[in-house]
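# Overview (structure and organization)
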Amino acid sequence: MQIDRIQAVVRPRNAWESIDLGISMVRYWWKPLSIIWLTFIIPIILAITLITGIYDMNYPFLIIWWLKPLFDRIILHFLSRALFGELPRLSDIFTTLPTLIFKTRLILGLTLERFSLTRSFSLPIYQLEDLKFSMQGKRVQILLKGNINIAQYLTISCFVFQWLIYFSLLGIIYLLLPESYQANLDNWLSIFQNNPIWWLDIGKLFFEILAMILIESIYVAAGFALYLNQRTHLESWDIELTFHQLAQRLLSK
């Protein structure tokens, strides 16, 4: 990573400021991020739904949820390039997919580390730092010092917000129901319990996926920002960048 090309102000931040920086990244690059979702991730989701949804509509959601580490790697690839002044083209992301699949500990990310509450913080280490497998664990321990709690809070908070969005979207359906259903909560609940109506199952899955899309980019970006902030603290990136800028001024005179 070339620090002098970074598109954000480099300074030591507290953890909450770092998370806010991650949210700002998503706000700033929401258009290309949306294109990445539509081009790479949504087709995978549709394929899973078509293949497994004929058996049970719960299967697609479980599989899509399990594959989040793969989606996170695609999002992080874009953010890590964009933040340092290099907006990747779709063709570049496509050619990078084999590397993201086979050289970023994805297998472990889908198995032993799938339930890790600090995975958004450790992902940039696995994906962006060219370290041997034996060194990655030690590197994670070093950078996580002082950040493990906030990384866990980030995961839990995003999980809660995702489900809040999902149930809020279900609430919209509730508001659109006839008053006879609204007045009887048992009828309302029965609609979502073992109901054979196919469009209702698809609607529930759509809301679940939409909630995931809205939160997952923020989750990855916030973890990436926490990682960058920790490196700024440990490696004095702000001082290094200041000296680099002074050297550039002297050379230009």
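Our subject is the structure that appears above.
Here's a quick rundown of the structure.

Reading the values: rules and limits
- Residues numbered from 1 in each chain as written.
- Predicted model: local features only at pLDDT ≥ 70, side-chain atom pairs only at ≥ 80, totals over all residues.
- Heavy atoms only, no water.
- Phe/Tyr/Trp six-rings, centres within 6.5 Å; stacked < 30°, edge-to-face > 60°.
- Helix = DSSP H or I, 4+ residues; strand = E, 2+ residues; numbered from the N terminus.
- Buried < 20%, exposed > 50% of the residue type's maximum accessible area, 1.4 Å probe, protein only.
- Lys NZ or Arg CZ within 6 Å of the ring centre and 35° of its normal.
- Axes fitted to C-alpha atoms, helices over the stretch in contact; angles between N-to-C directions.
- Parallel < 35°, antiparallel > 145°, perpendicular 65-115°, else oblique.
- Left-handed = near helix turned anticlockwise from the far one by under 90°.
- Contact = heavy atoms within 4.5 Å.
- Nonpolar A, V, L, I, M, F, W, Y, C, P; charged D, E, K, R; others polar.
- Polar contact = N/O pair within 3.5 Å; in protein donor to acceptor, adjacent residues only side chain to side chain.
- Patch = residues over 30% accessible without salt bridge, like charges linked within 9 Å, V, L, I, M, F, W, Y side chains within 5 Å.
- Areas by Shrake-Rupley, 256 points an atom, 1.4 Å probe, with all protein chains shown as cover.
- Salt bridge = Lys/Arg side-chain N within 4 Å of Asp/Glu carboxyl O.
- Core = buried A, V, L, I, M, F, W, Y, C linked by side-chain atoms within 4.5 Å.
- 1 Å grid on protein atoms, 1.4 Å probe; cavity = no way out; pocket = protein on both sides within 12 Å on 5 of 7 lines; lining within 4 Å.
- Points joined across faces, edges and corners; volume = space filled by probe spheres on them.

## A look at the packing of aromatic side chains
- Across all of its chains, the model carries 13 aromatic pairs by this definition.
- Centre to centre, the rings of W163 and F167 are 6.0 Å apart; their planes meet at 35°, and the pair counts as tilted. One end of the pair is W163 and the other is F167, both in helix α9 (residues 148-176) and four residues apart, which spans about a single turn.
- Accessibility expressed as a relative area gives 24% for W163, which makes it partly exposed.
- Take F167: its relative accessible area is 52%, and that puts it in the exposed class.
- Over the face of the ring belonging to W65 we find R114, whose NZ or CZ atom lies 4.1 Å from the ring centre.
- Positioned above the aromatic ring of W66, the side-chain terminus of R114 is 5.9 Å from the ring centre.

## Structural notes on the packing of helix α2 (residues 30-52) against helix α4 (residues 68-82)
- The N-to-C vectors of α2 and α4 enclose an angle of 160°; their axes lie 11 Å apart at closest approach. What the angle tells us is that α2 and α4 run roughly antiparallel. Crossing hand, α2 versus α4: right-handed. Within the contact between the two elements, α2 uses P32, L33, I36, W37, F40, I41, I44 and I45 and α4 uses F71, I74, I75, F78 and L79.
- Looking at the contact of α2 with α4 residue by residue, the class counts come to 13 nonpolar, no polar and no charged.

## Side note on the side chain of T155
- Topologically, T155 is positioned in helix α9.
- Among the polar contacts made by the side chain of T155, one reaches the side chain of Y219 at a distance of 2.8 Å.
- Apart from residues no more than four positions distant in its own chain, T155 is found in contact with L117, T118 and Y219.

## Remarks on the side chain of R105
- The topology assignment puts R105 in the loop between α5 (90-102) and α6 (106-110).
- Look at R105 and you get buried, because its relative accessible area is 16%.
- A distance of 3.2 Å separates the side chain of R105 from the side chain of Q136, its partner in a polar contact.

## Section: a nonpolar patch on the surface
- Where nonpolar side chains cluster on the molecular surface, the patch consists of L117, I156, F159, V160, F161 and L164 and spans about 560 Å² of accessible area.
- Here L164 shows up in helix α9.
- In this structure L164 comes out as partly exposed when scored by relative accessible area, which is 48%.

## As for the nonpolar core
- Ranked by internal contacts, the top residues of the largest apolar core, which has 56 residues, are I41, I45, F71, I74, L79, F121 and F224.
- Here this core takes 13 residues from helix α12 (residues 198-235), the largest share from any one element.
- Beyond its immediate stretch of four places on either side in the chain, I74 contacts I36, F40, I41, I93, L97 and L100.

## Focus: the layout of surface pockets
- For the second largest pocket, the calculated volume is near 320 Å³.
- At the level of secondary structure, the elements contributing two or more residues to the lining of the second largest pocket comprise α2 and α12.
- A total of six residues in the lining of the second largest pocket trace back to one element, the largest contributor, which is α12.
- The class makeup of the residues in the lining of the second largest pocket is twelve nonpolar, two polar and no charged.

## Some points on the packing of helix α7 (residues 119-128) against helix α8 (residues 133-144)
- It is at 10 Å that the axes of α7 and α8 come closest, and there the two elements cross at 135°. Judged by the inter-axis angle, α7 sits oblique to α8. By crossing handedness, the relation of α7 to α8 is classed as right-handed. Residues F121, S122, I125 and Y126 of α7 form the contact with α8, whose participating residues are Q136, R139, V140, L143 and L144.
- Of the residues contributing to the contact of α7 with α8, the split by class is six nonpolar, two polar and one charged.

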